[in-house]
Structure formats: C-alpha cells, structure tokens
Amino acid sequence: MARRRLLLLGGTAEAYRLARELEHDPRVDCLSSLAGRTADPALPAGRYRIGGFGGVAGLVDFLRQEGIDRVLDATHPFAAQMARHAAEACAALTIPRAKLWRPAWVPTPGDRWLPVPSIPAAADFLRTHPAKRIFMTLGRKELAPFIDMTDKWFLTRTVDPPPALPPGQLILARGPFQPEAEKRLMQANGIDLLVTKNSGGAAAKLAAAAELHIPVLMVERPAPPEGPLLAAISDALAWARGA
Ligand code: NAP
C-alpha cells in the first residue's frame, strides 16, 4: 500500500513530538513545515521545509506539487492565520485536515486572572492598571502596543530579540521553564503582574504567579478553525495514521 503523504504544520512542542513518532512509520510519509520565525529553530525529525507558502493560493500549489493527501495542523493555538489558510486550501482540494488544539489553561482557586480578548485590549487594560513591574511573555512581534508605557517597567522574555522593546529589561530564553526558577525570577524582579497568552501546555509561570499571588493579564485564544479538533497527541497520531 502507498504511504500516506502527510503535511505536518508545526512550530510547537507537540509537532516535534509527532514528527519523531512518525519518522519511521511505514504508513506515513511525514513532511514537517516551520514558518521560519526563529533564527535558530530546533529541526524536526524526518523531512522538513521552512518558510511561508505564500497565502492560500501558494499552499494549494504546494499541496498539489507534493501530492499531499492529509494535513495535520499542529501549529500554536494563536497561529490563527495559518490555521485559516490550511482550512481553506484543504477545503479547495478536498484534502482531510485536522487541528491539534491543545487544551487551554483554566483558572484554579488561587489564580488571579484578568482575561482580555486580544493583545490591543491587554495594552488598553494595562494603561489604567496600577501594576508597575510587569513580566511580559508575549511574542517578540506582539510588543509594539506596550513600548510607550514609560510609567511602567517590563521584564520582557522572548526567544529572539524583539524589533521594539517596552521600557525595562530583556531576557532571551526558550522554554520549557521550571516553576521554582520562574518564582525566583519574579521575586528577584519585584514583579506585580504577569502578561501572557492562553497558550495551554506547560504552565510554570502560572504556577509561580499563583504561589506569589501575582495577577495574570490573560489574553484569550482566537476561535479554533472549523472541522475536527484533536486534543491529545495520541489522537493526532491516530488521525495521521488512520484510514
Ligand atoms: P500565523 O500568524 O497564523 O501565520 C502567519 C503566516 O506565517 C502564515 O500565513 C504562513 O505564511 C506562515 N506560517 C505560519 N505557520 C507556518 C508553518 N508551520 N509553516 C509554514 N508557514 C507558516 O502564525 P504565527 O502566529 O506567526 O506563528 C508562526 C509559527 O510559530 C507557527 O508555526 C506557530 O506554530 C509557531 N508559534 C506561534 C506562537 C504564537 O504565539 N503565535 C507561539 C509558539 C509557536 P504564508 O501565508 O506565506 O503561507
């Protein structure tokens, strides 16, 4: 039987794990795709490509040229544009597609969350909030709305240097992080508010913030694309391998 040709849209811990699991699978020929956002990305196991496709039309061409017959979208829950493009391109070619949608974080007793629907809303909220020392963990290209907040001090953490930085200090680091180290970092810098997207997955910074009674400005997720959502890696593997 011919091997399935799977496009695995990645850039997440789950996608790396899926690529490793599928690398030697006799049923699936897996091609991973990275956007090419970070300067020195970890490379997935097996075959991979890097860079945008050129919108929906470019992705349609790519899927045709590569003879892809199934698309597993394992991009980050906030990668809404890629998810939409994948949905549209697969619908146009009637190729099955599913989205790995890792569960969102939910507040537990002791958490002090301030939910906001978007990053601009987070910036608006922050302007009138009394917090002065903020642990900023949004992505490096999401910081522009905060750079003129000169009455606040930001400890900003990104993987690569941001094009523009809010006032304060920059840490370049790639997760995963440990709750104890996150707690020490927040204490050492006198942090009184954490800003994050509701990415889901490992939550060391949230555990540390809860322990220190630090409020969390939580940017809620965009809506998922229509169609099948897979919550667990085991579900995604079964879908990738399925008939
Ligand atoms: P996005 O806004 O949804 O996508 C913007 C454009 O980047 C897409 O239209 C596509 O370009 C290209 N692209 C995105 N993901 C791609 C992939 N896996 N392979 C090839 N091209 C891709 O995405 P984003 O939020 O900037 O995220 C970019 C990548 O970083 C994603 O792969 C995502 O999994 C990863 N990531 C994102 C976040 C986050 O918070 N957004 C966090 C961690 C990791 P074309 O239109 O030219 O095809």
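All residue numbers refer to positions counted from 1 along the written sequence of the respective chain. Residues qualify for local features only when their pLDDT is at least 70, as the model is predicted, and side-chain atom pairs are given and counted only at 80 or more; totals for whole chains, interfaces and linings, by contrast, use all residues. Heavy atoms throughout the structure, all of them, feed into the side-chain values; hydrogens and water do not.

**Focus on the packing of helix H2 (residues 55-66) against helix H3 (residues 80-93)**
Each axis is a line fitted through C-alpha atoms, and for a helix only the stretch in contact is used; angles between axes span 0 to 180 degrees, taken between their N-to-C directions. Only runs of H or I of at least four residues qualify as helices and only runs of E of at least two qualify as strands under DSSP, and these elements are numbered from the N terminus. Across the interface, H2 lies against H3 with an axial gap of 9 Å and an inter-helix angle of 55 degrees. Comparing their axes, H3 and H2 come out oblique. In this structure, the crossing between H2 and H3 has a hand that is right-handed. Between H2 and H3, the contacting residues are Gly55, Val56, Leu59, Val60, Leu63 and Arg64 on the first element and Met82, His85, Ala86, Glu88, Ala89, Cys90 and Leu93 on the second. Its residues placed into classes, the contact of H2 with H3 shows nine nonpolar, two polar and two charged. Put simply, angles under 35 degrees are roughly parallel, angles over 145 are roughly antiparallel, angles from 65 to 115 are roughly perpendicular, and the rest are oblique. For any helix crossing, the convention is left-handed if the near helix is rotated counterclockwise from the far helix by under a right angle, and right-handed if that rotation is clockwise. Contact definition: two residues touch when any of their heavy atoms are within 4.5 Å. Only Asp, Glu, Lys and Arg are considered charged in this grouping, and only Ala, Val, Leu, Ile, Met, Phe, Trp, Tyr, Cys and Pro are considered nonpolar; every other residue, Gly among them, is considered polar.

**Digging into a nonpolar patch on the surface**
On the surface, a cluster of nonpolar side chains totalling about 280 Å² of accessible area is made up of Leu43, Tyr48 and Ile50. Considering the arrangement of structural elements, one finds Tyr48 in strand E3 (residues 47-50). A patch consists of residues exposed above 30% relative accessible area that lack any salt bridge, with like charges linked at up to 9 Å and nonpolar side chains (Val, Leu, Ile, Met, Phe, Trp, Tyr) linked at up to 5 Å. With residues, only the protein chains shown are counted as cover, and all accessible areas are computed by Shrake-Rupley using a 1.4 Å probe. Salt bridges are defined as contacts in which a side-chain nitrogen from Lys or Arg sits within 4 Å of a carboxyl oxygen from Asp or Glu.

**Regarding the packing of helix H5 (residues 179-188) against helix H6 (residues 204-211)**
One way to put it is that H5 packs onto H6 with a least axis distance of 8 Å and a crossing angle of 55 degrees. Here H6 runs oblique to H5, going by the angle between their axes. The handedness of the crossing between H5 and H6 comes out as right-handed. Contacts between H5 and H6 involve Pro179, Glu182, Lys183 and Met186 on the former and, on the latter, Ala204, Lys205, Ala207, Ala208, Ala209 and Glu211.

**Concerning unusual backbone geometry**
In this structure, Pro176 follows Gly175 across a cis peptide bond, with omega equal to 5 degrees. Structurally, Pro176 is set in the loop between strand E9 (168-172) and H5. Even without being glycine, Thr94 reaches a positive phi, approximately 50 degrees. Secondary-structure assignment places Thr94 in the loop between H3 and strand E5 (97-100).

Geometry only, nothing functional implied.
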